[in-house]
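# Descriptive structure summary
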Amino acid sequence: MRLRLIIAILTAATLGCAQTQNPTPPAPQFTADERTQIMDYWSQPGRYAITAPVDAQTKGLWQVRLSVKGSTWLQAYNRARKVSAPPTENAQPANDQQRTWETWVVAKLNRDRWEALQAAQDANEKVLGTRLPAPDKSTPATEPPRPGPIPDALYALAGNPPKFAEAVVPMERDVTFEDITLSYQDNIRLSNPRYAYYRFAQGVNSEGVAVKEMPQERLDHLFQLAGVSDSEAKIMKAVSLLEGGFDAINTYDTGFVSVGFIQFASLKEGAGSLGTFMLDYKTASPDDFQHDLRQFGIDVTPSGVLDVLDLQTGAELTGPDAALKIIEDARLIAAFQRAGLKSDSFSAAQIRSAKSQFYPGDDNVNIIVGSKTITGKVSDFIKSEAGMATLMDRKVNTGKLDPFNSVIADVANQAGIANIGDLASHEMEIVQRMKYRKNYLEDSTLTQPSGTPAKANKRRKRGAN
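Numbering of residues begins from 1 in every chain and follows the order in which that chain's sequence is written. In keeping with the model being predicted, local features are shown solely for residues with a pLDDT of at least 70 and side-chain atom pairs are shown and tallied solely at 80 or more, while totals for entire chains, interfaces and linings include all residues. Note: side-chain values were computed over all heavy atoms of the structure, leaving out hydrogens and water.

## Focus: the packing of aromatic side chains
Applicable threshold: Side-chain rings of Phe, Tyr and Trp (the six-membered ring for Trp) are treated as a pair once their centres are within 6.5 Å; stacked means planes under 30 degrees apart, edge-to-face means over 60, and tilted covers the remaining angles. Secondary structure elements are taken from DSSP: a helix is a run of H or I of four residues or more, a strand is a run of E of two residues or more, and numbering for both begins at the N terminus. Here the term buried applies to any residue with accessible area under 20% of the maximum for its type, exposed to any over 50%, and partly exposed to those in between, with areas from a 1.4 Å probe on protein chains only. Remark: a charge is flagged as sitting over a ring if the NZ atom of Lys or the CZ atom of Arg is within 6 Å of the ring centre and within 35 degrees of the ring normal.
Overall, the coordinates contain 19 aromatic pairs when judged by the stated rule. Plain terms: the ring middles of F200 and F256 are 4.9 Å apart, the flat faces sit at 70° to each other, and that makes the pair edge-to-face. Taken as a pair, F200 in the loop between strand 5 (181–185) and strand 6 (205–206) and F256 in the loop between strand 7 (249–250) and strand 8 (258–259) lie far apart in primary sequence, 56 residues in all. Taken as a pair, F200 and F256 share a single burial class, namely buried. Between Y281 and F346, the ring centres sit 5.8 Å apart and the planes meet at 70°, which makes this aromatic pair edge-to-face. Taken together, the residues Y281 in helix 9 (residues 272–284) and F346 in helix 13 (residues 344–358) connect sequence positions 65 residues apart. Residue F346 is classed as buried on the basis of its relative accessible area, which comes to 0%. Grouped by ring-pair contacts, the aromatic residues F264, F277, Y281, F289, F346 and F358 constitute a single cluster. Looking at R338, its charged tip hangs above the ring of F177, at a distance of 5.8 Å from the centre.

Structural data, given as structure tokens:
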């Protein structure tokens, strides 16, 4: 009797744990009728076409591309040797041993790209009768030497690297709405042959209509519609030049699904800043959200998680599955780009969400100076537009302000700062040390910190000595 009771208790506990580990899935965002209507829309002839690359006659069917596995290894290699750089740059070696590793990695990269070029040319010659593509600046024109055995310490640190390049056939993906046709090519050709963030060969991208190329009247209208100040508008415009237009999209890198002039990203969880933006937009403008996204099979849950339809089966996917489906099916990402091109409401919502998520002015600051804790906000001492743009650049690209707190703590301790506002007189040095992808101290369209770079550098050097 006692044994049966113990078994019953354990069974109940196990079931309870199972229920805790398997939470109830989110409620469907689409009704059965809506799923049918959306599937019928996308099944109409001519809506979606996947064809051979349009540049096949000049670049070949088979072309050389960075491999996803190679890119993934390169990121792991950077992390293992504890070096970093902005995504547009290559991380530099930190010591003599790493310089030896770099020599081997570069030799392997050159050899892999040359071998991929030979494979592409051989395949194109059989099909097209000509040896395409021609080598470019990222691929050796003549056979490079083999790299030789991998250094033992490099192998122990980062593992066995795959091929860094391969011959692939990029495919054209054309998506047709009533009012526009959008075209993409997968297997993205990257300008940096060792880009460390490439993850999806089927992903696509478009930088859209750059903010700097948009008519000033239209830009002013959108920022006024969003309700931001003139100064905030200048800062966001400056940062957006590194990202894209309101219609920019990207589904090939570690952001998973990225959209808009600040590149709101879903990340692998299928939520992120993109989910927050979508929820903000749906809450503030439900009719516009329906017209721009939902009618094409794209929604967001009440908790800010992406929710999309599989346009083939009608299944409703959320979170990571939704992000992967958008990457796989260009029709879904095309709906975002169409909205960026056609909808003022969608673009203004991006601006509002960019301010609430990434504008650093109201971010809290908490540092220790001597034995005293000093608190405040970024706007208490970062007064210039160049300073705000510098910080926003980091926050947009990395999701945080690091190493901001350590920088201002260092400056404050060297200068004996008593309160947070006193850091304003050291803004130039702080901004210099926080520079990331672009030097906004050279941007004449933005207000600048007081002081000069030379004085700031001299003070920092004297403090370090």
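## Observations concerning helix 7 (residues 216–226)
Quick reminder of the rule: Within this analysis, the arc is defined by the directions that extend from the helix axis to the C-beta atoms. Residue contacts follow a heavy-atom distance rule, with two residues in contact if any of their heavy atoms lie within 4.5 Å.
Along helix 7, the residues classified as buried are L219, L222, F223 and A226. Buried residues along helix 7 cover an arc of 95° about the axis, so they all sit on one side. Along helix 7, exposed side chains directed more than 90 degrees from the buried face belong to E217 and Q224. Looking at the buried side of helix 7, the elements it contacts are helix 8 (230–240) and helix 13. After helix 7 finishes, the residue G227 shows a positive phi value of roughly 80°.

## Description of helix 11 (residues 319–328)
For helix 11, the full list of buried residues reads G319, A322, A323, K325, I326 and I327. Lining the buried residues of helix 11 we find strand 11 (306–309), strand 12 (316–318) and helix 12 (330–342).

## Let's talk about the sheet that holds strand 4 (residues 172–176)
Rule in force here: A pair of strands counts as paired when DSSP detects no fewer than two bridges linking them. Angular values range over 0 to 180 degrees, each being the angle between N-to-C directions of two axes fitted as lines to C-alpha atoms, with helices fitted over their stretch in contact.
Reading across the sheet, the three strands line up as 1-4-5 and stay open at both edges, with antiparallel pairing between neighbours. Strands with a single pairing partner mark the edges of an open sheet, and in this sheet they are strand 1 (48–51) and strand 5. Shown here is a sheet whose adjacent strand axes are inclined to one another by a mean of 15°, direction ignored. Across four bridges, the pairing between strand 1 and strand 4 is antiparallel. Looking at strand 4, one finds that T51 is bridged to E172.

## Some thoughts on the sheet that holds strand 11
Strand order in this open sheet of three strands is 10-11-12, and the pairing throughout is antiparallel. Looking at strand neighbours, the two that pair on one side only are strand 10 (298–300) and strand 12, the edges of this open sheet. Across this sheet, the average inter-strand angle for adjacent strands is 25°, counted without regard to direction. In this sheet, strand 11 lies alongside strand 10 in antiparallel orientation, the contact comprising three bridges. If you follow V300 over to strand 11, its bridge partner there is L306. Strand contacts of helix 11: strand 11 and strand 12, with the helix running at about 55° to strand 11, the strand carrying the most contacts.

## Quick look at the confidence of the model for the protein chain
The condition is simple: Confidence of the predictor at the level of single residues is captured by pLDDT, which takes values from 0 to 100.
Averaged over all residues, the pLDDT of the protein chain equals 91, while 91% of them reach at least 70. Scored below 50 in pLDDT, residues 1–20 makes zero contacts in the model with residues more than four places away or belonging to other chains. Contacts of residues 454–465 to residues separated by more than four positions or lying in other chains number twelve contacts, the stretch itself having pLDDT below 50.

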